[in-house]
Each structure stands twice: as structure tokens, then as C-alpha cells.
Amino acid sequence: MERNTCVILALDVTDRKEAIRIAEDVREFVDAIKVGYPLILATGLRIIRELAEFAPIIADFKVADIPNTNRLICEQVFEAGADAVIVQGFTGRDSLDACIEVASEYRKDVFVVSEMSHPGGAEFMQPVAEAIAKMAAEAGAFGLVAPATRPERVKRIRKLIGDKLTIISPGVGAQGGKASDVIAAGADWVIVGRSIYKAESPKEAACEIAAEIEAELRGEN
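Here's a quick rundown of the structure. (Residues numbered from 1 in each chain as written. Predicted model: local features only at pLDDT ≥ 70, side-chain atom pairs only at ≥ 80, totals over all residues. Heavy atoms only, no water.)

1. Focus on the overall build of the chain
So, step 1. Scanning the chain for helices and strands turns up ten helices and eight strands.
So, step 2. Since a compact globule built from 221 residues should have a radius of gyration of about 17 Å, the 16 Å found for the chain is in line with a globular shape.
So, step 3. If you line up the chain on its principal axes, its C-alpha atoms span 45 × 40 × 30 Å.
So, step 4. Across the 221 residues of the chain, 52% fall into the buried class.
So, step 5. Looking at the chain alone, contacts between residues at least 24 apart form 66% of all its contacts between residues at least 6 apart.
So, step 6. About 10000 Å² of surface is accessible on the chain, with carbon and sulfur atoms providing 47% of the total.
So, step 7. The positive charge centre, built from 26 side chains, and the negative charge centre, built from 35, are 2 Å apart in the chain. (Helix = DSSP H or I, 4+ residues; strand = E, 2+ residues; numbered from the N terminus. Rg over C-alpha atoms; globule rule 2.2 N^0.38 Å. Buried < 20%, exposed > 50% of the residue type's maximum accessible area, 1.4 Å probe, protein only. Contact = heavy atoms within 4.5 Å. Areas by Shrake-Rupley, 256 points an atom, 1.4 Å probe, with all protein chains shown as cover. Lys, Arg positive; Asp, Glu negative; His and termini not counted. Charge placed at Lys NZ, Arg CZ, Asp CG, Glu CD.)

What follows is the structure, encoded as C-alpha cells:
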């Protein structure tokens, strides 16, 4: 996944035509599109290949099962055309290893959730987030998911893992996170959903966020 705008669109709509329209509209300003259960359950796995015409696809299934089941899920995800999958780390090293092994076979990527972006994400996950981050680095994951709503946590995790893993950070916009703040804290990409796909002009909204990040990277903020 190439880092250009540092923006990932979380496309949590449930209508196929709307999803394709938005993806085509914002393709210039996003580096990837994240799809999850709402869109996949509504339209089927075929939507992954349709959207892949516009950007790399991250399948946000937060895979969290025993190793064999994780393997089967990841195989289906990559067969469907996804470029990466998001998995949970709390199920342990063997379950994570199964995901990474499949990804390696398909030459795809795995992102591991260290901590989620909603308020409840700090209740049980924050105490183990750093252990999960260390495990993900040791296992050879491609990246981590860390909350844009808590930039100090992103900064802490970046300090912990150094440059070993990329960090994608959800929670920008509707959840209150600010793109430039989380990029400054050490994230490689921000994940933005409602602030883009619910905007009157998704293209303009994506452009504005990309411009904010560019200004931060240039030291203009």
C-alpha cells in the first residue's frame, strides 16, 4: 500500500451503487478503502473486487477466532481480492500466526488491532494494547490499528514499536479525532468514514483531510 495522501476511507455504507459512486469520487484522495461487515453483508464479497478498481482494499473483519477458523476466514478474504485484513490480537499468538501465514501465502498484509477508537475501547483493550503491539511486531504483521481519538496512545505505541510496523488510525472526524494530530503522533494513515461518505461532496471532504495532513507533514500547522 503506497503512502500518498495518508487517508483511508472507511466505506461503511450498505448500498452497492452508493459504495461504488463514493469510491470513484474520492479515488484521487485516498490511499485505500476499508470495508467491513455492513457493506459485505449487504452486498456480498464481490464488492471487494468492484471497489479494488479504485483503490487497495482493507477487509476490516477484526478476525478473532481459533487458528484454523482464522485461516479459513483469511483465505476467503484474500481470494475475494482484498489487499489486507484487520485482525484482533487478543486471541493470542497462535491465532495471529495463522492469519499472517495465510497473508504471506497470498502476498497480502495483516493489520492487528491494538486499541479501538470508541470510548469503550479503553476499558479492556488499553491495558493489553502494548503487549499486543509487541506481539504483532514479533509475529511479522504489517501494521497496527491505534485510535485517532487518543493521539497520546498512538504516540506511545509508535515509541514502543519504532519503525517496525505501520500504524493506521481510525476515529478521525465523526468520532472527534483530528487528522493532523494523529499523524503528528506517529500514525502513517488516518481512517475516515462518516466525515467523508456522509458529506455533501465526499470528494471535497477527502481533499480537505488530505490537505490538512499534507500541511502537517510540511510543518505548516
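2. Things to note about the packing of aromatic side chains
So, step 1. Evaluated as defined, the whole model comprises three aromatic pairs.
So, step 2. Ring centres of Tyr37 and Phe61 lie 5.0 Å apart, and the angle between their planes is 20°; on these two criteria the pair is classed as stacked. Of the two residues, Tyr37 is situated in helix α2 (residues 37–43) and Phe61 in strand β3 (residues 57–63); the sequence distance between them amounts to 24 residues.
So, step 3. Here the aromatic rings of Phe78 and Tyr106 are separated by 5.8 Å at their centres, their planes lie at 35°, and the arrangement is tilted. With Phe78 in helix α4 (residues 67–79) and Tyr106 in helix α5 (residues 93–106), this residue pair connects regions lying 28 residues apart in the sequence.
So, step 4. Under the relative-accessibility criterion, Phe78 is labelled buried at 4%. (Phe/Tyr/Trp six-rings, centres within 6.5 Å; stacked < 30°, edge-to-face > 60°.)

3. Points about the sheet that holds strand β7 (residues 166–172)
So, step 1. As summarised here, the arrangement of the eight strands in space is β1-β2-β3-β4-β5-β6-β7-β8, forming a closed barrel in which the pairing is parallel. The sheet shows a mean angle of 30° between the axes of neighbouring strands, taken without regard to direction.
So, step 2. Strand direction decides the pairing type here: β7 and strand β8 (residues 189–192), joined by four bridges, are parallel. The residue of β8 that forms the bridge with Val172 is Val192.
So, step 3. Along the sheet, α4 makes contact with β3, β4 (84–88) and β5 (109–113), crossing β4 at roughly 155°. (Pairing = 2+ DSSP bridges. Axes fitted to C-alpha atoms, helices over the stretch in contact; angles between N-to-C directions.)

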